[in-house]
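Coordinates in review
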Amino acid sequence: MKHYLESIENVYAAVSSGPRGLTSKEAGQRLRAEGKNKLTEPPKDSVLKRFFKQMADPMIIILLVSAVISGVTAAYQSESFADVFIILFVVCVNAVLGVVQESKAEKAIDALKEMTGEVCKVQRDGTMQNVKSEELVRGDILLLEAGDAIPADARIIESISLKMEEAALTGESVPTEKTTEPLRLGTARDITLGDRKNMVYTGSTVAYGRGKAVVVATGMQTEIGKIAQAISLAKEERTPLQIRLAQLSKMLTILVLGICALIFGVDLIRKSGDLNARSVINMFMIAVSLAVAAIPEGLVAVVTIVLSIGVTKMSRRHAIIRRLTAVETLGCTQVICSDKTGTLTQNKMTVVEHYGPDEELLAKAMALASDAELRRDNVAVGEPTECALLNYANTLSLPKYELIKEYPLVGEAPFDSLRKRMSTVHAHGAGFIQFSKGAPDEILKLCTKCLTKEGVVSMTEGQKAEISAETTGMANKALRVLACAYREYAAAPADFRSENLERELVFIGLTGMIDPVRPEVLDAIQKCRLAGIRPVMITGDHKNTAVAIAKELDILQDDAGVITGVELDEMSEEALRENIAQYSVYARVQPDHKVRIVNAWKATGAVTAMTGDGVNDAASIKSADIGVGMGITGTDVTKNVADMVLADDNFATIIAAVEEGRKIYDNIKKCIQFLLASNLSEVMSIFIATLFGFTILEPVHILWINLITDSSPALALGMEKEENDLMLRAPRSPQAGIFSGGVGVDVVYQGILVTILTLAAYFIGHYMENGVWEVVNSPDGMTMAFITMSMAEIFHSFNMRSQRHSVLKMRYHNLYLYGAMLASLVLTIGVIYIPTFSVLFGFEEISLGEYAVALGLALLVFPIVEFVKALQRKFTKKTR
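A few points on the structure. (Residues numbered from 1 in each chain as written. Predicted model: local features only at pLDDT ≥ 70, side-chain atom pairs only at ≥ 80, totals over all residues. Heavy atoms only, no water.)

Describing the overall build of the protein chain
The line we're drawing: Per the convention used, a helix needs a DSSP run of H or I reaching at least four residues, while a strand needs a run of E reaching at least two, with both numbered from the N terminus. Throughout, exposure labels follow a simple rule: accessible area from a 1.4 Å probe, protein chains only, divided by the maximum for the residue type, with under 20% read as buried, over 50% as exposed, and the rest as partly exposed. Two residues form a contact once any of their heavy atoms are found within 4.5 Å. Only the protein chains shown count as cover for residues, and all accessible areas are computed by the Shrake-Rupley method using a 1.4 Å probe.
The helix and strand tally for the protein chain stands at 34 helices and 25 strands. For the protein chain, the residues scored as buried account for 56% of the 880 residues in total. Look at the contacts in the protein chain between residues 6 or more apart in sequence, and 73% of them connect residues 24 or more apart. Summing over all exposed atoms, the protein chain offers an accessible surface of approximately 36400 Å²; the carbon and sulfur share of this is 59%.

Pasting the structure below:
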């Protein structure tokens, strides 16, 4: 049943209750039959199961295989197991981090449970009783007062100036006035959640007044229960980085197996005439060692560390990341669907315009004709609209706690939703004064006089027309307009009823208030557009308010880009997908609308972010590619399902996070390109040497290079600052692979370049040792090849500071790279010239001349790559 469309009598009949509520016996029977008023908990995986699920990642499997292979190699050749321990350490740390980041859905459900009040007031056995919220059942009569949290969905049966704060559920910033009358559908198929004026819902609170309501839904049948169900059903999406790394892992797996088979097969054919068990094992171990060289062991560790560093930097910019791999998703975000209240606006109703000849009197009247109070720390407490009026008076140095001393309250006619006004009477000097405030049309019709600059005069039709025009002008700007008037008495009124007080008033003026935009958001929106990102505003507020805010922020250019929740209901999923790009503003929406909007954008292939603070946003936040929750005003539900939480609830922080996300992904690509080019050079060098029958590097040399001269520069590249044009680029396509944008070509040619330099060092070393050019095993050649390969990779890391721009023109230096270069230089010198290490590694002590030649060959990689980048830039300009 749609209880909001039915009379109170029909609702009573539907829930088998009445004005006196249920008896304790009836409530007990229903509790046993229908279950407790709480949300169903989803099944939880054990920590061990979550840990092993992390191990199922293809890259992790490759690393585990490489650890086993490295262990076998080390055992067979009586070498150190350091590589094995390092790889296993990386794997375990990665898995633990994954487990820590999991279980957002179950946390969301727990937070939803905590939103229900522990105890509520109900009418049972004809009397008021306090019962646990979880023991509430259908048919119970709730007794509502200001400040009460609503523990179940209920139909209002009595309303005395009742107003509900429903922002967490509907997204509307202004409390909703409630009524007992049944609603009418009109031409719409249904009435949106925010317009159901005779209903209260779990998760909302009573902002003003009092009333009664009969419970019509509990537990998972409530609107919050439906959201909880949607959260549990929403599909957890993999981020683009996860997808690309999985693809890279698959490719490396095939490559590793192919290299193993090829090298082993080539060796078998080449040495077929001199085979024995030992030679076969040696050939197998060479092939296996080469395969290990093909795997960039440090890749997962470097990516994890770079992401972790990025998370730390984001937290300093007020963006708290709850899942490491979600960082880079921001970098390819193409659409940001943002909640209005609290994110684009300040979530604080503020008087921004006034009309009237005496602003001081206007502010006094508005503050005194109010139930809100101003604390001594200048914090207003009460209904948001009235708090705005108190803050307005306070900005004029008229704090209410001082005003009330000058104007002591002696009586009042409280606010009534039918009258749409309230009046207070105060002692002042030798007489008394009454202040009345409310809807402009209601106040104006009670005024017989008007305050002007010349004094109080009789109200004319011209003045009424002028006041009405001012009211309309403010309303057209989506301002909430209130009017105020006064009446003076020689003696205190004997009767404080509204019909006695509210007549023959003197009109004072108007105030217009709105939840103002955050001043920094407009600049953020402009950056958003420059970065090729589409901002979309989604709100539970009325259309006029949404349009005014959107135009002020340059989100909306004309009214054609606005659609309401009712219009969305009339639109099919297919039609929404086809027309989604037309709309920049969604007004008066419900939770299911937000999910539809996010899914429609995603269906177009756009990487979509969704922001929000209320329970109503939770399902759509989880459905989005990147969910963004609010840290200040956000509910625990939203925070727990979000991938990122804004500590300052600020849209501008999202753009800062996008910039950081782009930088992180940029740096990760640099790391990947550097590591793969380095490993390719190692594989090609050993493969060519094997084909020609000489040993250019031993397996221990490759492991040393991988662990010492690969990982530290890669990590240093992850610390790079953002490039100047980072936020002027269009968002990268989610379909773009890791090797897109020429990365694959760069990896190949740079790997070949380092291979050529390494082979050149080997043959030059042999020539400098023996004075002849020949293809034989050479201790000096091996030592020089080791130096060249190690240092070429270090020098190459400087090229990788930018894929296309010249590093010579960069205005800043990467001190981490200089540190990595210095450390590698010292370590390579150490393993060659310290006798213990040189014997362990099988190196020959070479002359300074040989060392200088090897170092010079390594250094050539830098100018050659810079020259190629210059050609690439020139070619790119010509093709544009």
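Quick notes on the pairing of strand 1 (residues 119-124)
The test is simple: Pairing between strands is defined by DSSP: at least two bridges between them are needed.
Here strand 1 pairs with strand 2 (residues 127-132) via 6 bridges, running antiparallel. In the sheet register, Arg124 faces strand 2, and the bridge partner there is Thr127. Connecting strand 1 to the antiparallel partner strand 2 that follows it, the hairpin turn spans 2 residues, and Asp125 within it adopts a positive phi of roughly 55°.

A closer look at a nonpolar patch on the surface
Formally: Note on patches: the residues involved have over 30% relative accessible area and no salt bridge, like charges join within 9 Å, and the nonpolar side chains Val, Leu, Ile, Met, Phe, Trp and Tyr join within 5 Å. Salt bridge, as applied in this entry: a Lys or Arg side-chain nitrogen positioned within 4 Å of an Asp or Glu carboxyl oxygen.
A contiguous nonpolar patch, built from Leu691, Phe692 and Val775 and spanning about 290 Å² of accessible area, is present on the exposed surface. Within the fold, Val775 resides in the loop between helix 29 (743-770) and helix 30 (779-799). Overall, the relative accessible area of 42% leaves Val775 in the partly exposed class.

Brief notes about the packing of aromatic side chains
Formally: Aromatic rings from Phe, Tyr and Trp, taking only the six-membered ring of Trp, are treated as a pair when their centres fall within 6.5 Å; an angle between ring planes under 30 degrees marks them as stacked, one over 60 as edge-to-face, and anything in between as tilted. We call a charge positioned over a ring when the NZ of a Lys or the CZ of an Arg lies within 6 Å of the ring centre and within 35 degrees of the ring normal.
Going through the model one piece at a time under the given rule, you end up with 10 aromatic pairs. Seen from their ring centres, Tyr208 and Phe415 are 6.4 Å apart, and the 80° between their planes marks the pair as edge-to-face. Of this pair, Tyr208 sits in strand 7 (residues 205-217) while Phe415 is found in strand 13 (residues 409-416), placing the two residues 207 residues apart along the sequence. What makes Phe415 buried here is its relative accessible area of 13%. Aromatic ring contacts, followed pair by pair, group Phe694, Tyr762 and Phe763 into a single cluster. When the ring centre of Phe415 is taken as reference, the NZ or CZ atom of Lys163 above it lies at 4.7 Å.

Notes on the environment of Thr511
Mapped onto the elements of the fold, Thr511 is located in strand 19 (residues 505-514). Residue Thr511 is classed as buried on the basis of its relative accessible area, which comes to 0%. The residues touching Thr511, leaving out its near neighbours within four places in the chain, are Val351, Glu353, His354, Leu362, Met366, Leu389, Tyr392, Met474, Arg480, Val481 and Leu482.

Some details on the sheet that holds strand 24 (residues 626-630)
Our working definition: Fitted lines through C-alpha atoms serve as axes, helices being fitted only where they are in contact, and the angles separating the N-to-C directions of these axes extend from 0 to 180 degrees.
Spatial ordering of the open sheet is given by 8-25-24-23-9-20-22-21, a layout of 8 strands whose pairing is mixed. What marks the edges here is a single partner per strand, and that holds for strand 8 (319-321) and strand 21 (562-564). When strand polarity is set aside, the average angle formed by the axes of neighbouring strands in this sheet is 20°. Taken together, the 4 bridges between strand 23 (residues 608-612) and strand 24 define a ladder with parallel strand orientation. Bridge pairing links Met610 to Gly627 in strand 24. Together, strand 20 (534-538), strand 21 and strand 22 (585-587) form the strand contacts of helix 21 (residues 543-552), whose direction differs from that of strand 22 by roughly 155°.

Describing the nonpolar core
This is how it is decided: What makes a nonpolar core is a set of buried Ala, Val, Leu, Ile, Met, Phe, Trp, Tyr and Cys residues whose side-chain atoms join them at distances within 4.5 Å.
In terms of nonpolar packing, the biggest core is built from 82 residues, with Phe507 and Phe651 touching the most fellow members. Per-element tally for this core: the top contributor is helix 27 (residues 651-692), with 14 residues. Dropping the residues within four chain positions of it, Phe651 is found in contact with Ile336, Ser338, Thr343, Leu344, Val521, Ala524 and Ile525. Core analysis: the second largest hydrophobic core is formed by 44 residues, Tyr201, Val335, Ile563 and Ala606 among them.

With respect to the pairing of strand 15 (residues 431-438)
Among the 8 residues of strand 15, 7 are classified as buried, and the element is accordingly described as predominantly covered. Two strands pair when backbone bridges link them, and strand 14 (residues 421-428) and strand 15 are joined in this way by 8 bridges, in the antiparallel orientation. Its bridge partner being in strand 15, Val425 is matched across the sheet by Gln434. Between strand 14 and the antiparallel strand that follows it, strand 15, lie 2 residues; Gly429 among them carries a positive phi value of about 60°. With 7 bridges connecting them, strand 15 and strand 18 (residues 480-489) associate as antiparallel partners. Paired with Ile433 across the bridge in strand 18 is Glu488.

Quick notes on the packing of helix 27 against helix 30
Cut-off, in case you're wondering: Throughout, the term roughly parallel applies to angles under 35 degrees, roughly antiparallel to angles over 145, roughly perpendicular to angles from 65 to 115, and oblique to all others. What makes a crossing left-handed is the near helix being turned counterclockwise from the far one by less than a right angle; a clockwise turn instead makes it right-handed. The nonpolar class holds Ala, Val, Leu, Ile, Met, Phe, Trp, Tyr, Cys and Pro. Asp, Glu, Lys and Arg form the charged class, and all remaining residues, Gly among them, are polar.
At their nearest, the axes of helix 27 and helix 30 sit 10 Å apart, and the two run at 155° to each other. By the angle class used here, helix 27 and helix 30 are roughly antiparallel. Every pair of crossing elements has a handedness; the one defined by helix 27 and helix 30 is right-handed. Along the contact surface, helix 27 presents Phe674, Ala677, Ser678, Ser681, Glu682 and Ser685, while helix 30 presents Met789, Glu793, His796 and Ser797. Considering only residue class, the contact of helix 27 with helix 30 consists of 3 nonpolar, 5 polar and 2 charged.

A closer look at the pattern of salt bridges
It is possible for side chains of opposite charge to pair when their charged atoms get near one another. Scanning the entire structure with this criterion turns up 40 salt bridges. Notably, a salt bridge pairs Arg124 with Asp140, separated by 2.7 Å at the nearest N-O pair. Of this pair, Arg124 sits in strand 1 while Asp140 sits in the loop between strand 2 and strand 3 (141-145), and the two are 16 residues apart along the sequence. Given a relative accessible area of 7%, Arg124 falls into the buried group. Of the charged contacts, one joins Lys445 and Glu442 as a salt bridge, the two residues approaching to 2.9 Å between their closest N and O atoms. Note on Lys445: relative accessible area 58%, which makes it exposed. With relative accessibility at 14%, the residue Glu442 sits in the buried group.

Here's the deal with the side chain of Lys364
Tracing the sequence through the fold places Lys364 in helix 14 (residues 359-368). Aside from chain neighbours lying at most four places away, what touches Lys364 is Leu398, Leu403, Glu406 and Tyr407.

Here we look at the packing of helix 20 (residues 521-530) against helix 27
Their axes nearest at 8 Å, the elements helix 20 and helix 27 cross at an angle of 35°. The hand of the helix 20/helix 27 crossing is left-handed. Residues Val521, Ala524, Ile525, Lys527 and Cys528 of helix 20 pack against Phe651, Ala652 and Ile655 of helix 27. Residues that form the contact of helix 20 with helix 27 fall into these classes: 7 nonpolar, no polar and 1 charged.

A few points about helix 15 (residues 384-395)
Heads up, the rule is: One fewer than the residue count of a helix, multiplied by 1.5 Å, yields its expected span. Think of a polar contact as two N or O atoms within 3.5 Å of one another; within protein, one of them needs to be a possible hydrogen donor and the other a possible acceptor, and neighboring residues in sequence only count if both atoms come from side chains.
End to end, helix 15 covers 16 Å across 12 residues, agreeing with the expected 16 Å (1.5 Å per residue, within 8%). Within helix 15, burial applies to Thr385, Glu386, Cys387, Ala388, Leu389, Leu390, Tyr392 and Ala393. The opening residue of helix 15, the one whose side-chain oxygen lies 2.9 Å from the backbone nitrogen of Thr385, is Glu383. Positive backbone phi, at 60°, marks Ser397, one or two positions downstream of helix 15.

With respect to the environment of Val425
Along the chain, Val425 turns up in strand 14. A relative accessible area of 0% means that Val425 is categorised as buried. Counting along the chain gives 76 residues from Val425 to Leu501, while the straight-line C-alpha distance between them is 8.9 Å. With residues up to four places along the chain from it excluded, the contact list for Val425 reads Pro408, Leu409, Val410, Gly411, Phe432, Ile433, Gln434, Pro493, Phe496 and Leu501.

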